[in-house]
Amino acid sequence: MNTLRKLNCLPSLRSAGGAYRLFAGKDQKKDSAGQTTRQPEKPAGKEKGKDSGKASGKASGAGSADPGKKATKVTLINGEGVGPELMSAVQEVICAVKAPIEWDVVEEFQAKDSEDVSPEVLQSLRTNKVGIKGPVDSRHWQRQIRKQFAQYAYVSLCSHIEGLDSPYGAFDVVIIRDQMEGDYSGIEHRVVPGVMQTIKVSTTAGASRIAEFVFNYAVKHKRKRITVAHKANIMRMTDGNFLEAMRAEAEKHVDDVIFEERYLDTSIMKIMLEPHTCDVMVSSSMYGDVLRVIAGGMMGVPGICPGYSVSSLGTVFDCRMKACHALAGKDAANPTGPLLCAALMLHHVQLDKQADQVECAIRRVYKNTDIRTKDVGGKAKCSEFVKAVCDCLEADN
């Protein structure tokens, strides 16, 4: 009966927002109401550059690890503020689903006497190639880890969660943004006293790299439309260069993907008024950050939208939450985003059965109960939401 209930849950997830997949195909079909739905997906193996020896094969049973399966070691960065509580929630849920994950927990994310990334974080990520992190507010720290690991893109998977009040209806949007260039290049200086300048960078190599990744992502996941958000009408050289790279890559995929160009303001209007028509949206760093926050707010709150940083050196999962120091230790943070990131991470290491169970349990809590944290209109504590998710997992095992 529990197995049947679990199987009945999964199609509703995909019609409401789509299951999160890193390595999967998505066949789009129209339902009777004309809405786009996505069919169940199968993993297509690891991407080039991933450590293929760490997590091969399938789990033998629903919610139980294969005794012969080697555990995958994952770097866990607690972060600051509510971070340790959220990462503890991730560990609890991964334990409840009985996924063979061995945690390499890094308590000190910053180097001593500075905001630099600690040597322990760098060494752990270089060794494990996969990590999940809690919030870190320091812009310097975030910029350094991106540069240390050449995290050139960030992928956000934003979809409606049934049970959360939203005027936007069902939607399933992937937002991919550059992380190394554009307005977030981090190059600033004082021209003269009272006049400061930030330099927006766009290189041909960087723009071509993000364009290639976006179109390969769309083809792999059977996404049918790519929308590039830009302001090339104003910033003709920088945004123009980004746009030209996207156009050049689009020429290679004319039979696979519909490509469209929209100004940033039009893209924002499109995602808010007709989110069900949006599929993959791509832009440079600052524009993509704006789109990501808007899409997260459409889900419920910005920190609820899971994602990951792309690099050939390893993949780091996080939902870009604020550290919320005022809530630290009060058991009041919303663990939804980190738990959805954990499901993404399980797919990444090819523990697809456990990943489906975790995502299904999260969505079932929202759909079938009134257990909500305060930020989304409820009264539950973080631990109560986590317990409800774990109870769903244990009920199916």
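Chains are numbered independently. Their residues run from 1 in the order of the written sequence. The model is predicted, so local features are restricted to residues of pLDDT at least 70 and side-chain atom pairs to those at 80 or more, both for listing and for counting; the totals for chains, interfaces and linings are taken over all residues. Think of the side-chain values as coming from all heavy atoms in the structure, minus any hydrogens and water.

The next point concerns the overall build of the protein chain. Each helix is a run of H or I in the DSSP string that is no shorter than four residues. Each strand is a run of E no shorter than two, and both are numbered from the N terminus. Assigned secondary structure in the protein chain consists of eleven helices and 14 strands. Three exposure classes are used, based on accessible area relative to the maximum for each residue type with a 1.4 Å probe and protein chains only: buried under 20%, partly exposed in between, and exposed over 50%. Scored against the burial criterion, the 397 residues of the protein chain give a buried share of 54%. Contacts are assigned to residue pairs with any non-hydrogen atoms lying within 4.5 Å of each other. In the protein chain, of all internal contacts separated by at least 6 residues, the share reaching a separation of at least 24 is 73%. Note on areas: these come from Shrake-Rupley sampling with a 1.4 Å probe, and a residue is covered only by the protein chains present in the view. Carbon together with sulfur atoms contributes 53% to the accessible area of the protein chain, which is approximately 17100 Å² in total.

This part covers the packing of aromatic side chains. Any two rings among Phe, Tyr and Trp, with Trp reduced to its six-membered ring, count as a pair given centres within 6.5 Å; such a pair is stacked if its planes are under 30 degrees apart, edge-to-face if over 60, and tilted if neither. If you walk through the whole model with that rule in mind, you get six aromatic pairs. Ring centres of Tyr152 and Phe213 lie 6.1 Å apart, and the angle between their planes is 90°; on these two criteria the pair is classed as edge-to-face. Remark: Phe213 occurs in helix H5 (residues 204-220) and Tyr152 occurs in the loop between helix H4 (139-148) and strand S6 (153-159); sequence separation between them is 61 residues. Under the relative-accessibility criterion, Phe213 is labelled buried at 11%. Between Phe213 and Tyr217, the ring centres sit 6.2 Å apart and the planes meet at 45°, which makes this aromatic pair tilted. Here Tyr217 and Phe213 lie together in helix H5, a separation of four residues that amounts to about one turn.

Let's shift gears to the packing of helix H7 (residues 264-273) against helix H8 (residues 285-299). Running from N to C, H7 and H8 cross one another at 15°; their axes reach a closest spacing of 11 Å. One finds that H7 runs roughly parallel with respect to H8. For the element pair H7 and H8, the recorded crossing hand is right-handed. Contact residues: Leu264, Ile268, Ile271 and Met272 in H7; Tyr287, Val290, Leu291, Ile294, Ala295 and Met298 in H8. In this classification, the charged set is Asp, Glu, Lys and Arg, the nonpolar set is Ala, Val, Leu, Ile, Met, Phe, Trp, Tyr, Cys and Pro, and all remaining amino acids, among them Gly, are polar. Here the residues of the contact of H7 with H8 are counted per class, giving ten nonpolar, no polar and no charged. Helix axes are fitted only over the stretch in contact, all axes being lines through C-alpha atoms; the angle between N-to-C directions runs from 0 to 180 degrees. In this scheme, roughly parallel covers angles under 35 degrees and roughly antiparallel covers those over 145, while 65 to 115 is roughly perpendicular and the rest are oblique. With the far helix as reference, a near helix turned anticlockwise by less than a right angle produces a left-handed crossing, and one turned clockwise produces a right-handed crossing.

With that settled, the discussion passes to H4. Listed in full, the buried residues belonging to H4 are Trp141, Gln142, Gln144, Ile145 and Arg146. Close packing links the buried residues of H4 with helix H3 (119-128) and strand S5 (130-133). Its side-chain oxygen placed 3.4 Å from the backbone nitrogen of His140, Ser138 serves as the N-cap of H4. The positive-phi residue at the C-terminal boundary of H4 is Ala150, with phi of around 50°. The term polar contact refers here to a pair of N or O atoms within 3.5 Å; inside protein, the definition further demands a hydrogen-donor-capable atom paired with an acceptor-capable atom, and it admits residues adjacent in sequence only when both atoms are side-chain atoms.

Attention shifts here to the sheet that holds strand S4 (residues 101-106). Think of it this way: DSSP has to see at least two bridges between two strands before they count as a pair. Read from one edge of the open sheet, ten strands run S4-S3-S5-S14-S13-S6-S7-S12-S10-S11, paired in mixed fashion. Only two strands of the sheet have a single partner each, and these edge strands are S4 and strand S11 (258-263). For this sheet, the mean inter-axis angle between neighbouring strands, taken without regard to orientation, is 25°. The strands that helix H6 (residues 238-250) touches are strand S10 (225-230), S11 and strand S12 (280-283); relative to S10, the one it contacts most, it runs at about 165°. On top of the sheet, H8 reaches S6, strand S7 (172-178), S10 and S12; it is set at about 155° to S7, its chief contact.

We define a salt bridge as a side-chain nitrogen of Lys or Arg found within 4 Å of a carboxyl oxygen belonging to Asp or Glu. By the definition in use, this model includes 18 salt bridges. Between Arg292 and Asp289 there is a salt bridge, and its shortest N-O distance comes to 2.7 Å. Placement of the pair is Arg292 and Asp289 together in helix H8, with a separation of three residues, close to one helical turn. For Lys387, the salt bridge goes to Asp391, with nearest N and O atoms at 3.0 Å. Within this pair, Lys387 and its partner Asp391 are both found in helix H11 (residues 382-395), separated by four residues, close to a single helical turn. A residue is classified by how much of its surface remains accessible, and Asp391, at 35% relative accessible area, is partly exposed. Residues joined by salt bridges that share partners form a network here, namely Lys133, Asp318 and Arg320.

Remember, this is a structural readout, not a statement about activity or role.
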